[in-house]
Amino acid sequence: MASKTNKASLDAMKQLEKVEEQFQTIQILNEEGEVVNEAAMPELSDEQLQELMKRMVYTRILDQRSISLNRQGRLGFYAPTAGQEASQLASQFALEKEDFILPGYRDVPQMIWHGLPLSQAFLWSRGHLKGGDIPEGVNVISPQIIIGAQYVQAAGVALGMKKRGQKSVAITYTGDGGTSQGDFSEGINFAGAYKAPAIFVIQNNQFAISTPREKQTAAKTLAQKAVAAGIPGVVVDGMDPLAVYAAVREARERAVNGEGPTLIETMTYRYGPHTMAGDDPTRYRTSDLDNEWEKKDPLVRFRKFLEKKGIWNEEMENETIERAKEDIKVAIKEADSAPKQKVTDLISIMYEELPQNLVEQNEIYKEKESK
Ligand SMILES: Cc1ncc(C[n+]2csc(CCOP(=O)(O)OP(=O)(O)O)c2C)c(N)n1
Ligand SMILES: [Mg+2]
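All residue numbers refer to positions counted from 1 along the written sequence of the respective chain. Key to labels: chains lettered from A, ligands numbered from 1, both in the order written. Predicted model: local features are reported for residues with pLDDT of at least 70 only, side-chain atom pairs are reported and counted for 80 or more only, and whole-chain, interface and lining totals are derived from all residues.

### Section: the packing of helix α2 (residues 46–71) against helix α11 (residues 298–309)
Orientation is described by axes fitted as lines to C-alpha atoms, over the contacting stretch for helices, and by angles from 0 to 180 degrees between their N-to-C directions. Counting from the N terminus, the helices are the DSSP runs of H or I reaching at least four residues and the strands are the DSSP runs of E reaching at least two. For the pair α2 and α11, interaxial distance at closest approach is 11 Å and the crossing angle is 150 degrees. If you check the angle between α2 and α11, you find them roughly antiparallel. Along this stretch, α2 crosses α11, giving a crossing that reads as left-handed. For the pair α2 and α11, contact is made by Leu 49, Gln 50, Met 53, Met 56, Val 57 and Arg 60 and by Pro 298, Leu 299, Phe 302, Arg 303 and Leu 306, respectively. As a working rule, the residues Ala, Val, Leu, Ile, Met, Phe, Trp, Tyr, Cys and Pro are called nonpolar, Asp, Glu, Lys and Arg charged, and the rest polar, with Gly in that last group. Tallied by class, the residues present in the contact of α2 with α11 amount to 8 nonpolar, 1 polar and 2 charged. Roughly parallel covers angles under 35 degrees, roughly antiparallel covers those over 145, roughly perpendicular covers 65 to 115, and oblique covers all other angles. Crossings are classed by handedness, with left-handed meaning an anticlockwise turn of the near helix from the far one by less than a right angle and right-handed meaning a clockwise turn. By definition, residue pairs are in contact when their C-beta atoms, positioned from the backbone, come within 7 Å.

### Re the site of ligand 1
Each residue gets a C-beta atom placed from its backbone. If that atom is within 6 Å of a molecule or strand, the residue is near it. Contacts to ligand 1 come from 15 residues, most closely from Ile 147, Gly 175, Gly 177, Gly 178 and Ala 208. In terms of residue class, the shell around ligand 1 is made up of 6 nonpolar, 7 polar and 2 charged.

### Describing unusual backbone geometry
Positive phi values are uncommon outside glycine, yet Lys 195 reaches one of about 45 degrees. Looking at the element boundaries, Lys 195 is found in the loop between α7 (182–193) and β4 (198–204). Any residue whose C-beta has 12 or fewer other C-beta atoms within 10 Å is treated as exposed, any with 20 or more as buried, and any in between as partly exposed, C-beta atoms being built from the backbone. Lys 195 gets classed as partly exposed once you count the C-beta atoms within 10 Å, which come to 18.

### Here's the deal with the packing of helix α6 (residues 149–163) against α7
Two numbers describe how α6 lies on α7: the axes approach to 6 Å, and their chain directions differ by 15 degrees. By the angle class used here, α6 and α7 are roughly parallel. At the point where α6 passes α7, the crossing takes the left-handed sense. Only Asp 183, Phe 184, Glu 186, Gly 187, Ile 188, Phe 190 and Ala 191 of α7 make contact with α6, whose side of the interface consists of Ala 149, Tyr 151, Val 152, Ala 154, Ala 155 and Ala 158. Of the residues contributing to the contact of α6 with α7, the split by class is 10 nonpolar, 1 polar and 2 charged.

### Remarks on the domain arrangement of the protein chain
Here the domain parsing of the protein chain yields domain 1 (26–36 + 43–338) and domain 2 (341–371). Residue ranges labeled as domains rest on an automatic or database domain assignment. Of note, the centres of domain 1 and domain 2, computed from C-alpha atoms alone, are 37 Å apart.

### A short note on the UniProt feature "domain: Dehydrogenase E1 component" (unreviewed entry) in the protein chain
UniProt positions are given in the numbering used here, feature names are shortened, and annotations may be inferred rather than shown by experiment. Those places that UniProt annotates as "domain: Dehydrogenase E1 component" (unreviewed entry) correspond, in this numbering, to residues 53–343. Secondary structure across residues 53–343 divides into 46% helix and 11% strand, with the first and last C-alpha atoms of the span separated by 43 Å.

### Comments concerning the sheet that holds strand β2 (residues 100–102)
Should DSSP find at least two bridges between two strands, the strands are regarded as paired. If you walk across this open sheet you meet the 6 strands as β1-β7-β8-β4-β3-β2, and the pairing is parallel. Pairing within the sheet leaves two strands with one partner each, and these edge strands are β1 (25–26) and β2. Bridging between β4 and strand β8 (residues 262–267) involves 6 bridges; their strand directions are parallel. Looking at β8, one finds that Ile 202 is bridged to Glu 265.

### What to know about the environment of Lys 215
Within the element layout of this structure, Lys 215 appears in the loop between β6 (211–212) and α8 (226–229). As for Lys 215 and Gly 177, which are separated by 38 residues in sequence, their C-alpha atoms are 9.4 Å apart.

### Focus: the environment of Gly 175
Relative to the elements of secondary structure, Gly 175 occurs in strand β3 (residues 170–175). Once residues within four sequence positions are removed from consideration, Gly 175 is found in contact with Gly 104, Ile 202, Gln 203, Asn 205 and Ala 208.

### Focus: the nonpolar core
Within the largest apolar cluster, 82 residues are counted, with the highest numbers of intra-cluster contacts made by Ala 158, Ala 170, Ala 198, Ile 199 and Ile 264. For this core, the leading source of residues is helix α9 (residues 241–256), giving 9 residues. Dropping the residues within four chain positions of it, Ile 264 is found in contact with Ile 199, Phe 200, Val 201, Ala 223, Val 234, Val 236, Ala 247, Val 248 and Ala 251. We define a nonpolar core as a collection of buried residues of the types Ala, Val, Leu, Ile, Met, Phe, Trp, Tyr and Cys that are connected via C-beta atoms lying within 7 Å of each other.

### What to know about the environment of Trp 124
Mapped onto the secondary structure, Trp 124 falls in helix α5 (residues 118–125). The exposure class of Trp 124 is buried, given the 25 C-beta atoms found within 10 Å. Separated by 108 residues in sequence, Trp 124 and Pro 232 have C-alpha atoms that sit 34 Å apart. If we ignore the near neighbours within four places in the chain, the residues touching Trp 124 are Gly 131, Gly 132 and Ser 142.

### Re helix α3 (residues 85–93)
Within α3, 9 of the 9 residues are buried, leaving the element largely enclosed by the surrounding structure. Along α3, the residues that are buried comprise Glu 85, Ala 86, Ser 87, Gln 88, Leu 89, Ala 90, Ser 91, Gln 92 and Phe 93. The inward-facing, buried residues of α3 contact α2, α4 (108–113), β4, α9, β8 and α11.

### Here we look at the pairing of β4
Among the 7 residues that make up β4, 7 are buried, leaving the element largely enclosed by the rest of the structure. Of the two faces of β4, the one carrying Ala 198, Phe 200, Ile 202 and Asn 204 and the one carrying Ile 199, Val 201 and Gln 203 are both buried. A crossover links β3 with its parallel partner β4, the connecting element being α7, and its sense is right-handed. If the strands point away from the viewer and the path from the first strand over the helix to the second runs clockwise, then the crossover is right-handed.

What follows is the structure, given as structure tokens:
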């Protein structure tokens, strides 16, 4: 009896190892900006490559300015993005305008490059109603704060697209910590069962606030969670914009061809704190680890790659930086000029027809606000 049990568990361990072996990190561009995987190289024109670089440079500046604006009390909630540009922007770059983004709180950059005006992103940060009033034709919803909840919503949005016969996808993002939530498993499982055209991205930045990746799960990779949902899972170097782009582009193709969802884990790092609310990363990360990841910086390696191709220079970089600074100045002014929020605005957007108790409260506030 005992030997049988032992044999079964031995086989089970081997089986697990075999599965885990298959989740190797895909890289196209190494830290020196050299192509190390020609076969996986996505088809991108020089203009597209330049555009992706511009977006990464621009977004790094946006991050720096957002941190300053937050410290000056001119922004509210802000979750820093530096370090995650390849993971965020190359994944959005692989989408089409008709695709729908269901972001988490750190994913404001993808929303902006999908068409959300910068001034509205600032208003969202301030908790202003107008920040959540997404313009028609911009296929995003407001960032989700409840960890993992957007995975379930993405499965639903994707299924809706499929039922309507649309050739588009729903993409959603969570973090390494998010993979421990029930919603994560429910979302990928449902989308798998219904072959919904969804792309589930896990931005593994190694920490969930102060909790390290190793404490999140015994699984060797987060992408292997796809196996239980019966869907493909891949791990990509999340500091490599080409690897991220290629993985998302392929997932998109599968999805619109009716082959269902994909789970993509991007190996990345956030250089800054979790949010601007006051966590101190030096209490849970070593400077050695920070340095190790900064050497992998997506902007540095992509700049090297483009410079070697002769399609990027200092002038282009500076122009992009200046444009970002100018745009930010204009957008924050716009945000400042938004009408002050009223309690009646809050009440009136909640229902098509107000229930009686709110009609009464609305009248009380209307009266107060008119003075
Ligand atoms: C359901 C739920 N539980 C807890 C929190 C509090 N919380 C906010 S961010 C966070 C960590 C998330 O880490 P991760 O998923 O790795 O994303 P990252 O912030 O690193 O991008 C937690 C626990 C929350 N917002 N929602
Ligand atoms: Mg994380």
